[in-house]
Amino acid sequence: MKKVLVTGALGQIGSELVMHMRNIYGNDNIIASGRKKPEGAIAETGPFEMVDVRNPQEIADAIKKHKADSIVHLAAILSATGEKNPAAAWDVNMNGLYNVLEVARENNCAVCTPSSIAVFGPSTPKDNTPQETIMRPTTMYGVTKVAGELLCDYYHSKYNVDTRGVRFPGIISNATLPGGGTTDYAVHIYYEALKKKKYTCFLDKGTYMDMMYMPDALNAIVDLMEADASKLIDRNAFNVTAMSFDPEEIAAEIKKHIPEFQMDYDIDQDIQQIANSWPNSLDDSAAREQWGWSPKYDLSAMTQDMLDELSKKLNLQYK
Ligand code: NAD
Ligand code: SER
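Residues numbered from 1 in each chain as written. Chains lettered and ligands numbered in written order. Predicted model: local features only at pLDDT ≥ 70, side-chain atom pairs only at ≥ 80, totals over all residues. Heavy atoms only, no water.

1. Description of helix 6 (residues 140-159)
In this model, helix 6 (20 residues) spans 27 Å end to end at C-alpha, consistent with the 28 Å of a helix rising 1.5 Å per residue. Residues of helix 6 that are buried sit in contact with helix 4 (79-84), helix 5 (86-107), strand 6 (115-116), strand 7 (163-164) and strand 8 (166-168). (Helix = DSSP H or I, 4+ residues; strand = E, 2+ residues; numbered from the N terminus. Expected span 1.5 Å × (residues − 1). Contact = heavy atoms within 4.5 Å.)

As structure tokens, this is what we get:
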């Protein structure tokens, strides 16, 4: 049975991953952590520790107090926020990861931390982007994610720390809003479709990016952590994807359920530039071959579920 410290546990992924892992491993075995006191289910169902990942002592204290053997490291500054404050993105993403890896080395913990499609840049092949290819990102977030993958590789090869990680695409979910990424439009569009039957998109039509629904993302993390180490040729940089679409395609899918839905565009040039530098679609065959990655949700199934779940949460009928 694992005992896992989750950093950044109150964010978009952490808030759902903690509950998912508590269901699998038991409430007391998943220690959520973050920089502010939680409310609701995370606080009520299991342990929580205040941990700022820039402070290695806080990470070490939480690991020792709970005798944790694994860390899922989610604390980070994402792409759009990172471009507004590159120094903060460097500080949290690089020093935070270094601290997590050092504490893991000293306490014999495994580390699983997500990388991102942001590792790629404008010179990367755009379609069916290979896992091993040109990686010259043009955002601070992307720079920290490439460096983070290499740092995890280093801790595995030099110190034998069991490091693992996927390159997530845009994650779409209905529990916690995303924290300032380039792909966030694909979450906001569902909220606005239900609330106002219209949405103004900050990315242009034709902007294709990889995406994934949260249930598949949660499975990706758990399945990779549980994967047989002897089958892993790669470790910290698995391409994973579930779908690729542009704003027109997700709007058309929503219109099948809400025929009066309308979308217009007001392009944010800074975020558009980031999106333009990322792939249209990824090749995730290594994850499929090495640890059985197989997403369940495509755009159609995700849209049905997003609208059903959000309409319950917002108490808004759409049928
Ligand atoms: P998020 O922004 O929703 O959550 C990150 C959490 O980290 C927030 O609660 C934030 O308060 C916390 N945090 C920030 N600085 C911290 C610090 N110094 N100490 C402790 N906590 C701190 O992000 P997310 O979407 O949940 O992302 C989790 C991980 O997954 C990140 O590594 C991110 O790069 C990666 N990822 C996410 C996506 C996505 O679409 N959500 C896609 C690719 C990769
Ligand atoms: N969804 C993330 C972002 O847009 C990808 O890492 O920043």
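Once the structure has been displayed, the description carries forward.
2. Overview of the site of ligand 1
Near ligand 1 lie 25 residues; those nearest to it are Gln 12, Asp 52, Tyr 141, Lys 145 and Ile 171. Here an oxygen atom of ligand 1 and a backbone polar atom of Ile 13 are 2.9 Å apart. In this structure, a nitrogen atom belonging to ligand 1 sits 2.9 Å away from a side-chain N or O atom of Asp 52. Expressed as a share of its isolated accessible area of 830 Å², the protein-covered part of ligand 1 is 90%. Those elements that provide at least two residues to the shell around ligand 1 are strand 6, helix 6 and strand 9 (170-172). When grouped by side-chain class, the residues that make up the shell around ligand 1 number 14 nonpolar, seven polar and four charged. (Near = heavy atom within 4 Å. Polar contact = N/O pair within 3.5 Å; in protein donor to acceptor, adjacent residues only side chain to side chain. Areas by Shrake-Rupley, 256 points an atom, 1.4 Å probe, with all protein chains shown as cover. Nonpolar A, V, L, I, M, F, W, Y, C, P; charged D, E, K, R; others polar.)

3. Let's talk about the sheet that holds strand 12 (residues 238-239)
Strand pairing in a sheet is mediated by backbone hydrogen bonds. Such pairs are either parallel or antiparallel. On the basis of which strands lie adjacent, the open sheet formed by three strands has the order 6-8-12 and parallel pairing. Each end of this open sheet is capped by a strand with a single partner; those strands are strand 6 and strand 12. Where strand 6 lies against strand 8, two bridges are found, and the strand directions are parallel. In the strand pairing of strand 8, Ser 115 is matched with Arg 167. (Pairing = 2+ DSSP bridges.)

4. Some points on the pattern of salt bridges
It is possible for side chains of opposite charge to pair when their charged atoms get near one another. The full count for this structure, using the stated rule, is 13 salt bridges. Residues Asp 308 and Lys 319 are paired through a salt bridge, measuring 3.4 Å at the closest nitrogen-oxygen approach. In this pair, Asp 308 sits in helix 12 (residues 299-314) while Lys 319 sits in the segment after helix 12, placing the two residues eleven residues apart along the sequence. The exposure class of Lys 319 is exposed, given its relative accessible area of 74%. Of the charged contacts, one joins Glu 309 and Lys 312 as a salt bridge, the two residues approaching to 3.2 Å between their closest N and O atoms. Taken as a pair, Glu 309 and Lys 312 lie in helix 12 at a separation of three residues, close to a single helical turn. On the basis of relative accessible area, Glu 309 is assigned to the partly exposed category, the value being 30%. In this structure Lys 312 comes out as exposed when scored by relative accessible area, which is 59%. (Salt bridge = Lys/Arg side-chain N within 4 Å of Asp/Glu carboxyl O. Buried < 20%, exposed > 50% of the residue type's maximum accessible area, 1.4 Å probe, protein only.)

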